[in-house]
There are 2 protein chains.
Amino acid sequence: MDDSSPATRITDPPPPGPVRRPGGRSAQVRRRVLDAVTALLVEQGYDGLTVDAVADRSGAHRTTVYRRWGDVGGLLADVLAEATGDDWRPPDTGSLDGDLTALNREVHEALTGDPPLTGALIAASFRSPPAAEALRAFWADRYDRCAVVVHRAVARGEAPAGTDPRALLVAATAPVYHELLLLRSDADATLARRAARTAALAAAAGAFVPA
Amino acid sequence: MDDSSPATRITDPPPPGPVRRPGGRSAQVRRRVLDAVTALLVEQGYDGLTVDAVADRSGAHRTTVYRRWGDVGGLLADVLAEATGDDWRPPDTGSLDGDLTALNREVHEALTGDPPLTGALIAASFRSPPAAEALRAFWADRYDRCAVVVHRAVARGEAPAGTDPRALLVAATAPVYHELLLLRSDADATLARRAARTAALAAAAGAFVPA
């Protein structure tokens, strides 16, 4: 859901400080390696992403990269696993329409952001089965975390009891992905809000209560 | 919209008959070449799709293929141009919900069909700018043709005047693409109907009338 999250986290600098706890060096190597993966992917695409190029760029030993990540699929999967492991929570604006609009704006930003990391990861998922599986798991986790948006809406009476959270969230977000990623439409600042409003209206009409 | 259409047309045999009209041979070469493109794309993916492989498989001369299509991007663009040039029309079931459900079933079939040509073409569009542009044009044409579905719904009173055809059609179809192509969910026979029903309910509530 929040595809801006991996981009943000991945470009965060490593935490400063002189203390080297157990695992500190390993975590720093991971940080450098995953930064190299995302930089290469954005700059050169999937074809430029090789274990050797990642090792060169990150300064990590080739054998370390091979041992720990195996191949390009393993590297991409770890980028997405890291994103899945963050502490992201969906927005809480006080209304279903507002929450879905805020969510869609995050999706929109991620898909139109520079560097275009989200699009590059999605494109890579069509070539690497481990990346596809990791992306699937990332999105499943995001939709799970967003279920609270729907629970709050039901509690406020904005949608009937029994509303299926995932179906509502997919309906709200899918048009943003479809327009930007597949139909390749120009970015439209109103798209996020329109798709959110549509889903909220459908939810109020009971569209997401299983028959 | 109707992604089953290219698959169906592309696997159609060439028309029989001994008569060779002007252009007949050229059309037959195109048929064989485009059949070879789709067969190679499905069997070996984008990496197996080269002008030389297409020439070998189709029996066409390499120079003919280079002169007429230029490169792999030109070949993919022509596959999609041929699909755009068909006489497909959207279903007319008598209700908005019915028309959208029938449309979504065509999308669902195309995305889960065997051979998986539609998915392979979409994946290729992430690697070939000419294929991306041709796919964009294909979808723009399909959504244009489907506008009549919305006009009929407005005439029947199922959606208010001023309903934006494209916004409604994208809302109806996007969840099918999103679930099958990006979220990689298992095929679900109810998805087409549910997404159609959601869009029809939202349309009735005025969701697609620009504010």
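About the cut-offs
- Residues numbered from 1 in each chain as written.
- Chains lettered and ligands numbered in written order.
- Predicted model: local features only at pLDDT ≥ 70, side-chain atom pairs only at ≥ 80, totals over all residues.
- Heavy atoms only, no water.
- Axes fitted to C-alpha atoms, helices over the stretch in contact; angles between N-to-C directions.
- Helix = DSSP H or I, 4+ residues; strand = E, 2+ residues; numbered from the N terminus.
- Parallel < 35°, antiparallel > 145°, perpendicular 65-115°, else oblique.
- Left-handed = near helix turned anticlockwise from the far one by under 90°.
- Contact = heavy atoms within 4.5 Å.
- Nonpolar A, V, L, I, M, F, W, Y, C, P; charged D, E, K, R; others polar.
- UniProt positions renumbered as here; feature names shortened; annotations may be inferred.
- 1 Å grid on protein atoms, 1.4 Å probe; cavity = no way out; pocket = protein on both sides within 12 Å on 5 of 7 lines; lining within 4 Å.
- Points joined across faces, edges and corners; volume = space filled by probe spheres on them.
- Buried < 20%, exposed > 50% of the residue type's maximum accessible area, 1.4 Å probe, protein only.
- Core = buried A, V, L, I, M, F, W, Y, C linked by side-chain atoms within 4.5 Å.
- Salt bridge = Lys/Arg side-chain N within 4 Å of Asp/Glu carboxyl O.
- Phe/Tyr/Trp six-rings, centres within 6.5 Å; stacked < 30°, edge-to-face > 60°.
- Lys NZ or Arg CZ within 6 Å of the ring centre and 35° of its normal.
- Least-squares fit on C-alpha atoms with pLDDT ≥ 70 in both.
- Buried area = accessible area lost by both parts, 1.4 Å probe.
- Polar contact = N/O pair within 3.5 Å; in protein donor to acceptor, adjacent residues only side chain to side chain.

J.: Can you walk me through the packing of helix α6 (residues 96-112) of chain A against helix α9 (residues 165-182) of chain A in this structure?
T.: The relative placement of two packed helices comes down to the angle between their axes together with the axis-to-axis distance. All names here are of chain A. Running from N to C, α6 and α9 point in directions that differ by 30 degrees, and their axes come no closer than 10 Å. Classified by the interaxial angle, the pair formed by α6 and α9 is roughly parallel. As α6 packs across α9, the resulting crossing turns out to be right-handed. For the pair α6 and α9, the contacting residues are Leu96, Leu100, Leu103, Asn104, Val107, His108, Leu111 and Thr112 in the first and Leu168, Leu169, Ala172, Thr173, Val176, Tyr177, Leu180 and Leu181 in the second. For the contact of α6 with α9, a count of residues per class yields twelve nonpolar, four polar and no charged.

J.: Before we go on, may I ask you to explain the UniProt feature "DNA-binding region" (unreviewed entry) in chain A in this structure?
T.: Residues annotated by UniProt as "DNA-binding region" (unreviewed entry) correspond here to residues 50-69 of chain A. Across residues 50-69 of chain A, the secondary structure splits into 80% helix and 0% strand, with the terminal C-alpha atoms separated by 12 Å.

J.: What is the right way to read the layout of surface pockets from this model?
T.: Taken as a whole, the largest pocket holds about 540 Å³ of empty space. Around the largest pocket sit 22 residues that line it, and A:Pro116, A:Gly119, A:Ala120, A:Ala123 and B:Phe126 are the ones nearest its centre. Going through the elements one at a time, α2 (24-44), α6, α7 (117-125) and α9 of chain A are the ones with two or more residues in the lining of the largest pocket. A total of four residues in the lining of the largest pocket trace back to one element, the largest contributor, which is α7(A). A per-class count over the lining of the largest pocket returns twelve nonpolar, six polar and four charged.

J.: How should the environment of A:Asp35 be read in this particular structure?
T.: Note on placement: A:Asp35 falls in helix α2. Overall, A:Asp35 belongs to the partly exposed group, its relative accessible area being 26%.

J.: Where do I start with empty space enclosed by the protein in this structure?
T.: Leftover empty space is mapped by rolling, across the atoms, a probe with the size of a water molecule. Throughout the structure, instances matching the rule amount to three cavities of 30 Å³ or more. Taken as a whole, the largest cavity holds about 80 Å³ of empty space. In terms of lining, the largest cavity is formed by A:Ala171, A:Pro175, A:Ala195, A:Thr198, A:Ala199, A:Ala202, A:Phe208, B:Ala171, B:Pro175, B:Thr198 and B:Ala199. Elements that contribute at least two residues to the lining of the largest cavity include exactly α9 and α10 (191-204) of chain A together with α9 (165-182) and α10 (191-204) of chain B. Its residues placed into classes, the lining of the largest cavity shows nine nonpolar, two polar and no charged.

J.: What am I meant to see in the nonpolar core here?
T.: Across soluble globular proteins, you tend to see nonpolar side chains buried next to one another. Counting 129 residues, the largest nonpolar core has A:Leu100 and B:Leu100 as its most contacted members. Not counting residues up to four positions away in its chain, the partners in contact with A:Leu100 are A:Val149, A:Leu168, A:Leu169, A:Ala172, A:Ala196, A:Ala199 and A:Ala200.

J.: I keep staring at the pattern of salt bridges and nothing clicks. Help me out?
T.: Oppositely charged side chains can form a pair if their charged atoms are brought close together. Using the criterion set out here, one finds 36 salt bridges over all chains in the structure. Here A:Asp47 and B:Arg127 are joined by a salt bridge, their closest N and O atoms 3.8 Å apart. In this pair, A:Asp47 is assigned in the loop between α2 and α3 (51-58) and B:Arg127 in the loop between α7 (117-125) and α8 (129-156), connecting two distinct chains. Residues A:Arg142 and A:Asp86 are paired through a salt bridge, measuring 2.8 Å at the closest nitrogen-oxygen approach. On the criterion of sequence distance, the pair formed by A:Arg142 in helix α8 (residues 129-155) and A:Asp86 in the loop between α5 (72-84) and α6 is long-range, its members being 56 residues apart. Here A:Arg142 falls in the buried class, since its relative accessible area comes to 0%. Taken together, the salt bridges that share partners define one network made up of A:Asp47, A:Arg127, B:Asp47 and B:Arg127.

J.: What is the right way to look at the packing of aromatic side chains in this model?
T.: Working definition: an aromatic ring pair is given by the centre-to-centre distance plus the angle between the planes. In this structure the tally under the stated criterion is three aromatic pairs over all chains. With 5.2 Å between their ring centres and 20 degrees between their planes, A:Phe126 and B:Phe126 make a pair best called stacked. In this pair, A:Phe126 is assigned in the loop between α7 and α8 and B:Phe126 in the loop between α7 and α8, connecting two distinct chains. Judged by relative accessible area, B:Phe126 falls into the partly exposed class, the value being 21%. Residues A:Trp139 and A:Tyr177 carry aromatic rings whose centres are separated by 5.5 Å and whose planes lie at 85 degrees to one another, so their mutual orientation is edge-to-face. In this pair, A:Trp139 is assigned in helix α8 and A:Tyr177 in helix α9, connecting sequence segments 38 residues apart. Looking at A:Tyr177, the relative accessible area reads 1%, which means it is buried. The cationic tip of A:Arg166 hangs over the ring face of A:Tyr143; the distance from NZ or CZ to the ring centre is 5.7 Å.

J.: What is the right way to look at the relation of the copies chain B and chain A in this model?
T.: Two chain copies, one operation linking them: a rotation about an axis together with a shift along it. Expressed as a screw operation, the relation of chain B to chain A combines 0.0 Å of axial shift with a rotation of 180 degrees, fitting to an RMSD of 0.0 Å. These values place the two chain copies in the arrangement generated by a two-fold rotation axis. Distance from the rotation axis, computed per C-alpha, reaches its smallest value in chain B at B:Ala202: 2.3 Å. Here 100% of the interface residues in chain B have copies in chain A that are interface residues too; the copies meet face to matching face.

J.: So what exactly am I meant to see when it comes to the interface of chain B and chain A here?
T.: Interface extent is often summarised as the accessible area lost during association of the parts. With 36 residues of chain B at the interface, the matching set in chain A holds 36 residues. Of the roughly 3,000 Å² buried between chain B and chain A, counting both surfaces, carbon and sulfur atoms make up 65%. Broken down residue by residue, the surface that chain B buries against chain A is led by B:Phe126, B:Leu182 and B:Arg184, which jointly contribute 22%. The tally of links between chain B and chain A comes to four salt bridges. For the interface between chain B and chain A, the tally reads ten residue pairs in polar contact (both at pLDDT 80 or more). Of all the elements in the fold, those that place two or more residues in the side of chain B that touches chain A are α7, α8, α9 and α10 of chain B. Counting residues per element, the side of chain B that touches chain A draws most heavily on α9(B), at twelve residues. By residue class, the composition of the side of chain B that touches chain A is 22 nonpolar, six polar and eight charged.

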